[in-house]
Amino acid sequence: QVQLVESGGGLVQAGDSLRLSCAASRRTNYAMGWFRQAPGQEREFVAAISWNGVTTSYADSVKGRSTVSRDNAKNTVYLQMNSLKAEDTAVYYCAASNSANLGPLKSYNYWGQGTQVTVSS
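Residues numbered from 1 in each chain as written. Predicted model: local features only at pLDDT ≥ 70, side-chain atom pairs only at ≥ 80, totals over all residues. Heavy atoms only, no water.

> Teacher, can you tell me more about the pattern of salt bridges here?
Close approach of charged atoms allows side chains of opposite charge to pair. Here the structure, examined in full by the defined rule, presents four salt bridges. For the salt bridge of Asp 88 with Arg 36, the shortest nitrogen-to-oxygen distance reads 2.9 Å. With a gap of 52 residues between them, Asp 88 in the loop between strand 8 (76-81) and strand 9 (90-97) and Arg 36 in strand 4 (residues 32-37) connect regions that are remote in the sequence. Overall, the relative accessible area of 1% leaves Asp 88 in the buried class. For Arg 36, a relative accessible area of 5% corresponds to the buried category. When the shortest N-O distance is used, the salt bridge between Arg 65 and Asp 88 registers 2.9 Å. Pair noted here: Arg 65 is in the loop between strand 6 (56-58) and strand 7 (66-71) and Asp 88 is in the loop between strand 8 and strand 9, with a separation of 23 residues, a long-range link. Taking the relative accessible area as the measure of exposure, Arg 65 reaches 12% and is therefore buried. Several salt bridges converge on common partners, so that one network encompasses Arg 36, Glu 44, Arg 65 and Asp 88. (Salt bridge = Lys/Arg side-chain N within 4 Å of Asp/Glu carboxyl O. Helix = DSSP H or I, 4+ residues; strand = E, 2+ residues; numbered from the N terminus. Buried < 20%, exposed > 50% of the residue type's maximum accessible area, 1.4 Å probe, protein only.)

> How do you make sense of the environment of Leu 4 when you look at a structure like this?
Along the chain, Leu 4 turns up in strand 1 (residues 4-7). Along the chain, Leu 4 and Gly 114 lie 110 residues apart, while their C-alpha atoms are 9.2 Å from each other. For Leu 4, the residues in contact, after removing those within four places along its chain, are Cys 22, Ala 23, Ala 24, Met 32, Cys 94, Ala 95, Ala 96, Tyr 110, Trp 111, Gly 112 and Gln 113. (Contact = heavy atoms within 4.5 Å.)

> Quick question: what am I supposed to make of the state of the cysteines here?
Among covalent bonds in proteins, the disulfide is the one between the sulfur atoms of two cysteines. On inspection of all chains with the given rule, the structure shows one disulfide. Shown here is the disulfide that connects Cys 22 with Cys 94, its sulfur atoms set 2.0 Å apart. Residues Cys 22 and Cys 94 are joined through a disulfide that is left-handed, its torsion about the S-S bond being -75°. Here Cys 22 is found in strand 3 (residues 18-24), whereas its partner Cys 94 is found in strand 9, with 72 residues between them in sequence. Exposure remark for Cys 94: the relative accessible area of 0% places this residue in the buried category. (Disulfide = S-S within 2.5 Å.)

> What am I meant to see in empty space enclosed by the protein here?
A water-sized probe, rolled over the atoms, reveals where empty space remains. Enumeration over the complete set of coordinates arrives at one cavity of 30 Å³ or more. Its boundaries defined by the atoms lining it, the largest cavity holds a volume of some 60 Å³. Ala 24, Arg 27, Thr 28, Met 32, Arg 70, Asn 72, Asn 75, Thr 76 and Val 77 together form the lining of the largest cavity. Partitioned by chemical class, the residues of the lining of the largest cavity number three nonpolar, four polar and two charged. (1 Å grid on protein atoms, 1.4 Å probe; cavity = no way out; pocket = protein on both sides within 12 Å on 5 of 7 lines; lining within 4 Å. Points joined across faces, edges and corners; volume = space filled by probe spheres on them. Nonpolar A, V, L, I, M, F, W, Y, C, P; charged D, E, K, R; others polar.)

> Quick question: what am I supposed to make of the side chain of Glu 6 here?
Inspection of the secondary structure puts Glu 6 in strand 1. Although Glu 6 is buried, it makes no salt bridge; Arg 43 carries the closest opposite charge, 7.6 Å away. A polar contact is formed between the side chain of Glu 6 and the backbone nitrogen of Cys 94, at a distance of 2.8 Å. Separated by 2.9 Å, the side chain of Glu 6 and the backbone nitrogen of Gly 114 make a polar contact. Apart from residues no more than four positions distant in its own chain, Glu 6 is found in contact with Ser 21, Cys 22, Trp 34, Tyr 92, Tyr 93, Cys 94, Gly 112, Gln 113, Gly 114 and Thr 115. (Lys, Arg positive; Asp, Glu negative; His and termini not counted. Polar contact = N/O pair within 3.5 Å; in protein donor to acceptor, adjacent residues only side chain to side chain.)

These results come straight from atomic positions and should not be treated as a statement about function.
The structure is reproduced here in structure tokens:
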């Protein structure tokens, strides 16, 4: 079992930057992912990173504006988001996979409670 706690969300203006953090209760040698869910919409993939940080993946909607990284010594994963847009407004969730490498949504079996990101235009 692993607990995940997200932080770093808030209210920002369009064009601003935010860095989200996800602290795990213990070391996880697994891939980690970020997902988001806007009101009335399904949860969608944002970014993911393999256990060693070598492989990353991004949704087209954030590619080029976001960077996912991890510090395994701190059991923490980060999502740096730049040039934020109103459509980035959502609750952002961190998730831990059951695999060391990137996999489908069903491979993520531990989830945090989420952190709200609101971008005003």
